[in-house]
Amino acid sequence: MLAITSSLLTYMGLIVAAVAFGAIVWSIAQPALRIWPPIRYSRTTPLIVWGTTLLLLISIFGLGLIGWGQWEIPGVVRFGVGATLVVLGNVGVWYEVAQFGLEQTGGAKGSLKTTGLYRYSRNPQYLCDIVLLLGWALLFASLVALPVILATIIVLLVAPLSEEIWLEEHYGEAYLTYKSQVRRYL
């Protein structure tokens, strides 16, 4: 039963990550027909955005628990570094979500954010999500969770490429100036 659950969670996580990756690549190639960021924000947009996130989290957490401790990692790295990364990633993400708002984080139009962690990175929420995922990888020490964690990290690294086109269209010179002063990631 555990093997079936592990397989289902792996397939679910990888399929969700692949669909998200495909939507982002489509949006980069066809900005006029983009999927992310959405052309129109509607009542279903947060369901899609947060539903995708929830499915990935369920997959990663489930696989993390199923494979708990499979990977031989020293306790200080696993529980010290891993737990610290989880806390730091969460603090960074939720601080910026609180500043930005759930709707704008989920693709709604808003204002150009250049303060807080956005002073250091144009994509601090994605970076904090990656830090969080790396922390979970260490903390879970689950080999079966690694493929979904890595696929999710790839999605997070590519997502800003589709957003930059949208940001240039909506914020023009202000975004171009910001873009010239602050790096995409770090």
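Computed from a predicted model, the values in this text were never measured in an experiment.

Novice: Got a minute to help me understand the packing of aromatic side chains in this structure?
Specialist: Between two aromatic rings, the relevant description is the distance of the centres plus the angle of the planes. As enumerated under the stated definition, the model contains seven aromatic pairs in all. Residues W68 and F140 carry aromatic rings whose centres are separated by 6.1 Å and whose planes lie at 65 degrees to one another, so their mutual orientation is edge-to-face. Of the two residues, W68 is situated in the loop between α2 (44–66) and α3 (75–100) and F140 in helix α5 (residues 124–140); the sequence distance between them amounts to 72 residues. Here Y175 and Y178 contribute two aromatic rings whose centre-to-centre distance is 6.2 Å and whose plane-to-plane angle is 55 degrees, an arrangement assigned as tilted. One end of the pair is Y175 and the other is Y178, both in helix α6 (residues 146–181) and three residues apart, which spans about a single turn. Here Y175 and Y178 have matching classes, each one buried. In textbook terms, an aromatic cluster arises when at least three aromatic residues are bridged by ring pairs, as seen for F61, W68, F79, W136 and F140. When the ring centre of W68 is taken as origin, the NZ or CZ atom of R78, which lies over that ring, is 4.5 Å away.

Novice: I would appreciate a short explanation of the packing of helix α1 (residues 2–29) against α6 in the present structure.
Specialist: Two quantities define a packed helix pair, namely the angle between the axes and the distance from one axis to the other. In the contact formed by α1 and α6, the axes pass within 9 Å of each other and the chain directions differ by 15 degrees. With respect to α6, the element α1 is oriented roughly parallel. Handedness of the crossing formed by α1 with α6: left-handed. Facing T10, G13, L14, A17, A20, F21, I24, S27 and I28 of α1, the residues of α6 in contact are P147, V148, A151, I154, V155, V158, A159, L161, S162 and I165. The residue makeup of the contact of α1 with α6, split by class, is 15 nonpolar, four polar and no charged.

Novice: Before we go on, may I ask you to explain the confidence of the model for the protein in this structure?
Specialist: Low pLDDT marks stretches whose predicted atomic positions should not be read closely. Chain-level pLDDT for the protein is 95 on average; 100% of the residues reach the 70-or-more range. Averaged pLDDT values for the elements of the protein fall to 83 in helix α4 (residues 102–105) and rise to 98 in α5.

Novice: Is there a simple way to think about the environment of I149 in this case?
Specialist: Looking at the element boundaries, I149 is found in helix α6. Note: C-alpha distance between I149 and L134 (15 residues apart in sequence) is 7.9 Å.

Novice: What's the story with the pattern of salt bridges in this structure? I'm lost.
Specialist: Any two side chains of opposite charge can pair, on the condition that their charged atoms come close. Enumeration according to the criterion identifies five salt bridges in this entry. Between E164 and R184 there is a salt bridge, and its shortest N-O distance comes to 2.7 Å. Here E164, found in helix α6, pairs with R184, found in the segment after α6; they are 20 residues apart in sequence, far enough to count as distant. With a relative accessible area of 7%, E164 lands in the buried category. The closest approach of N and O atoms between E168 and K179, which form a salt bridge, is 2.8 Å.

Novice: What's the story with the nonpolar core in this structure? I'm lost.
Specialist: Across soluble globular proteins, you tend to see nonpolar side chains buried next to one another. Counting residues in hydrophobic clusters, the biggest one holds 29 residues, and the most contacted among them are I60, L133, W136 and I149. Within the residue set of this core, elements represented by two or more residues are α1, α2, α5 and α6. Looking at this core element by element, the count peaks at nine residues for α6. If near-sequence neighbours (up to four positions away) are discounted, I60 is found in contact with L133, W136, F140, A145, V148, I149 and T152.

Calculation rules
Residues numbered from 1 in each chain as written. Predicted model: local features only at pLDDT ≥ 70, side-chain atom pairs only at ≥ 80, totals over all residues. Heavy atoms only, no water. Phe/Tyr/Trp six-rings, centres within 6.5 Å; stacked < 30°, edge-to-face > 60°. Helix = DSSP H or I, 4+ residues; strand = E, 2+ residues; numbered from the N terminus. Buried < 20%, exposed > 50% of the residue type's maximum accessible area, 1.4 Å probe, protein only. Lys NZ or Arg CZ within 6 Å of the ring centre and 35° of its normal. Axes fitted to C-alpha atoms, helices over the stretch in contact; angles between N-to-C directions. Parallel < 35°, antiparallel > 145°, perpendicular 65-115°, else oblique. Left-handed = near helix turned anticlockwise from the far one by under 90°. Contact = heavy atoms within 4.5 Å. Nonpolar A, V, L, I, M, F, W, Y, C, P; charged D, E, K, R; others polar. pLDDT = per-residue confidence, 0-100. Salt bridge = Lys/Arg side-chain N within 4 Å of Asp/Glu carboxyl O. Core = buried A, V, L, I, M, F, W, Y, C linked by side-chain atoms within 4.5 Å.

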